[in-house]
Structures are given as C-alpha cells and as structure tokens.
Amino acid sequence: MRWIVALAAASIVACASIGAPPGGPVRTTPPELLSVTPDSGAVNVRARSVVFAFDEVVSDRDLERFFLVSPQEGKTRVLWHRDRIEVRPRRAFRPNTAYSVTMLPGITDLRGNALRSGRTIIFSTGPTIPLYSVLGRVFDWMNERIAPKALIEMIRRPDSLPYVGVADSSGQFQVGPLEQGSYTVRAILDNNNNRLLDPTEPWDSIAVTVANASPFVELLVAPRDTIPPRLLTVTAPDTVTLAASFDRPLDPGAPLTPASFIVTAADSTRLRIKSVRTRAQDDSARRAAQDSAAKAQRDSIARSDTTRSDTTRRDTTRRDTTRRDSVRARIDTAPVARLNPNIAPKPSRPAPPKEVAIHLDPLTPLHPGSTYRVTALNMRGLLGRARSSERLFTVPRPRVDTTKALTPAPPPQPPPSPVRRPPPPPP
C-alpha cells in the first residue's frame, strides 16, 4: 500500500513541475504559435478572454509585458496554462466594441528559445469592425533616428477611451480599429518598460481626426519639461567665438538672433555680436567653407595644369583613364545611394538645439585672462515656456610650453693671456 501512495505522490510532483522533460534531443527552436481563439476578424464575440496556444510549454516569466489589449481599461490580466496563455481585460470586454490583442516578440520556452515575431488579432463584440486606424512613425528627435519599441497611446475624445500600440523595429505603428472621431496620439520612449510616462522619458503628442481615411502622423519624441531652459556652460574656442550650452532643448521654432544674447566685459562694456547659430548650423557652415576652399584649390590647380599644357606635352592616356574611372564611379554608386534599404529615415525637422555658437564682431574680441558675463534672453523650451539666465566665464590665457628644456648657458671662458713681445734690440 505504501508503494502505491509513493508512486502517486511522485506522479503528482512530476505533473506539477514546469522543468524541461529529461531525455531526448535538446530543442533549439522557439515555441510555435498553433492557434488563437477567437479568430481574427470574428464578430459578435462572447468570449471572456483570448487564448494563445503553443506547441510546447512556455515560460511564465513577465508575461504581462508581452501582451497588449486595445482599447485598454486598467491592467491587462495574463494567465499561464503551460502551453496556453489566456489574455483578458481587467473587466469584461465592452459590448459593441472592436478590440485588437497583440502578442509582442520575446516569449520563450523553458530552454530560453525566444519568439522573434509577434501576432495581432482583431475582433469585435458587436456586429461590425471599423475600417479605420492611425498609422505613423516615431523618431528619437534629439538623436535624429527612428525609435523602435516606442509605446503608443491614443485617447478617444470626448469619452477618453484609451487605445495602445507599440512601434516596430522601423519605428512604424498602426493602432486600431477605430471609429471616426477625434483622438490624441502620444508616443513615449518607455525606457523602463512600465508602460507609463516617467518624468525623464522623452515623449510627443498630436491631435488627429479620423474621418473617411486612416491618417499617417509623425511623432518626434524628446525630453519635454515644464521648466524652461537655463544657460549651463560658456567656453571660448577663440577670441571671437563663444560656445554656449543649455540644460534643456530649445524650441527649434524660436529664432536665435544677435539680440538673443548679451556679452558684457568686467567694465560693463558690451561686446558686439555678429551672428548666432546652433551648433549644427555652425558645423554645416564650417564644412561648406572647407568644401569651397578645397574646390577653389582644385580649380587653381586645374588652371595651372591647363597653362602648363601649352608648353609641355599632355599625357592623354592618363587623362582618359581618370575620366573613364570617374564616370564609372558615378554610374555604379548613384543607384546604390538611391535604392539602399539600409539608409534609415530621418525626422522632417532638425533636432532641437542645446548648444549655440555666438560669433563676435572682430573689432570687439575677447581678451585672454578677462572675465565676461553672457546673458541668454527669453530662451524658450519645447513646451513654450521661456526664461532668461546668465553665466560668468573667464577667457583662459595661452599655455606656456614647459616641456621644452631650457638651453644651458655656456660656461664662462677665462680671459686670454697677454701676448709677450720680445724686448727691442739694444741701440
């Protein structure tokens, strides 16, 4: 009798264990999604949950972060049943409402093999499914690149029903199905993956209207703070240039002019400002000047070669080869540059500046060792709030190269001995 009880207990423990079964070849492929209930496109659905069935036991770690229910009311409930995952809203599905349930990539089996693709199903608890959605792309505005995995939130007006989605690896998203109406779309770089907007996380929002078409929007996420920008540092790369930085991004729509800054010497003398540019504009102007100088030098060399060819014999073989190579290079590289799929898209607007270059009039330069006060007037942040701030800085003196050893003075030489002359002969 005892061995029967022990055998039954052992079988119960084995059934309760979620570990990988012993023996057999080790599986290296991720779990396969076999079915989803209800089917995508179903209407008049009366189910209490959506069930994802797999071909093997999946891990139960952090399953909540892999599923989205839209519209979302409260925290989504995710229940683990070994090879099945049940997803349901906090409350029951709303009547006569279209839903989308998304499984994100990343679910693993007990051996750590992860799914690389996701799945979205759409169904309705009513007789129809709306035809519209909101499409778009999210950019990390400060770094001028796409923002994959950005969290998308949409609030329907006026009842504030929330819809959610996630941008894919190319920064694109599609949230729906949606009824016609007004919505507020917000994108968040959810760095800690808590699906909330934290104070330091970049975001952007825009109001859209869905009417007879699915709109496409661009969202430029950046740190947006209610505190306006403040002047942080000021340095002097040379005697006619100041490099100023701010602790928060500036509104790119606010113009930067010489009247935006005041530079004052210790004796209250105001230095004249010639121009103000963002760092990106300053770098672009510097590259344009370098390219222009290089082109002028090439033209000068070409004119010199043309003049020299009137008196010397021209090497036509080398000239033809160079021309043929340059034409071949243009033909080969032009289609590649135009059709290269690896070129990532860029945001339609330049990144908000945090660094500014202030160019002074050469007639009023900076003096080494002197202290100056720089005042930034009404610098406006991304949320429209502005303030003035100032900073003192001292122009460094030129450094003395102390690495060179001083040449020692030659040792003193003894005075020359007097030359003795022989005495004159006697008379």
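Here, the structure is the one placed above.
Report follows, based on the coordinates. (Residues numbered from 1 in each chain as written. Predicted model: local features only at pLDDT ≥ 70, side-chain atom pairs only at ≥ 80, totals over all residues. Heavy atoms only, no water.)

### What about the side chain of S133?
So, step 1. Examined against the element boundaries, S133 turns out to sit in strand 8 (residues 132-140).
So, step 2. For S133, a relative accessible area of 6% puts it in the buried group.
So, step 3. If we skip the residues at most four places from it in the chain, S133 touches Q174, V175, G176, L178, S214 and P215. (Helix = DSSP H or I, 4+ residues; strand = E, 2+ residues; numbered from the N terminus. Buried < 20%, exposed > 50% of the residue type's maximum accessible area, 1.4 Å probe, protein only. Contact = heavy atoms within 4.5 Å.)

### Overview of unusual backbone geometry
So, step 1. In this chain, R157 is followed by P158 through a cis amide linkage whose omega measures 10 degrees.
So, step 2. Among the structural elements, P158 can be located in the loop between strand 10 (151-157) and strand 11 (162-166).
So, step 3. The phi dihedral of R82 falls on the positive side, at around 60 degrees, and the residue is not glycine.
So, step 4. Note that R82 resides in the loop between strand 4 (77-81) and strand 5 (84-88).
So, step 5. Phi is positive for E144, which is not a glycine, with a value near 55 degrees.
So, step 6. Relative to the elements of secondary structure, E144 occurs in the loop between strand 8 and strand 9 (145-146).

### Digging into the pattern of salt bridges
So, step 1. Per the stated rule, a full pass over the model turns up 18 salt bridges.
So, step 2. Between D225 and R248 there is a salt bridge, with its nearest N and O atoms 3.2 Å apart. Taken together, the residues D225 in the loop between strand 15 (216-221) and strand 16 (231-238) and R248 in the loop between strand 17 (241-246) and strand 18 (261-265) connect sequence positions 23 residues apart.
So, step 3. Residue classification places D225 among the partly exposed positions, given a relative accessible area of 33%.
So, step 4. Between E390 and R373 there is a salt bridge, and its shortest N-O distance comes to 2.8 Å. Of this pair, E390 sits in strand 23 (residues 386-394) while R373 is found in strand 22 (residues 371-380), placing the two residues 17 residues apart along the sequence. (Salt bridge = Lys/Arg side-chain N within 4 Å of Asp/Glu carboxyl O.)

### Section: the sheet that holds strand 6 (residues 98-103)
So, step 1. Judged by pairing direction, the sheet is antiparallel, and its three strands sit side by side in the order 3-6-7 without closing on themselves. On the outer flanks of this sheet lie strand 3 (67-70) and strand 7 (119-124), each paired with one strand and no other. When the angles between neighbouring strand axes are averaged without regard to direction, this sheet yields 15 degrees.
So, step 2. Both strand 3 and strand 6 contribute to a ladder of four bridges, which runs antiparallel. For L68, the partnering residue across the bridge sits in strand 6 and is T102. (Pairing = 2+ DSSP bridges. Axes fitted to C-alpha atoms, helices over the stretch in contact; angles between N-to-C directions.)

### Considerations on the side chain of D109
So, step 1. Along the chain, the position of D109 falls in the loop between strand 6 and strand 7.
So, step 2. R111 provides the closest opposite charge to the buried, salt-bridge-free D109, at an N-O distance of 4.6 Å.
So, step 3. Within the local environment of D109, its side chain forms a polar contact with the backbone nitrogen of R111, the two atoms lying 3.0 Å apart.
So, step 4. Within the local environment of D109, its side chain forms a polar contact with the backbone nitrogen of N113, the two atoms lying 2.8 Å apart.
So, step 5. Setting aside chain neighbours within four positions, we find D109 in contact with T29, P31, E56, V57, V58 and S59. (Lys, Arg positive; Asp, Glu negative; His and termini not counted. Polar contact = N/O pair within 3.5 Å; in protein donor to acceptor, adjacent residues only side chain to side chain.)

### Concerning the packing of aromatic side chains
So, step 1. All told, the structure shown has seven aromatic pairs when counted by the stated rule.
So, step 2. Ring centres 5.9 Å apart and planes at 20 degrees place the aromatic pair Y99 and F123 in the stacked group. With a gap of 24 residues between them, Y99 in strand 6 and F123 in strand 7 connect regions that are remote in the sequence. Of the two residues examined, Y99 and F123, each falls in the buried class.
So, step 3. Ring centres of Y163 and Y183 lie 6.3 Å apart, and the angle between their planes is 75 degrees; this geometry places the pair in the edge-to-face category. Here the residue Y163 occupies a position in strand 11, and Y183 occupies one in strand 13 (residues 181-188), the gap between them amounting to 20 residues. In this structure, Y163 and Y183 share a single accessibility class: buried. (Phe/Tyr/Trp six-rings, centres within 6.5 Å; stacked < 30°, edge-to-face > 60°.)

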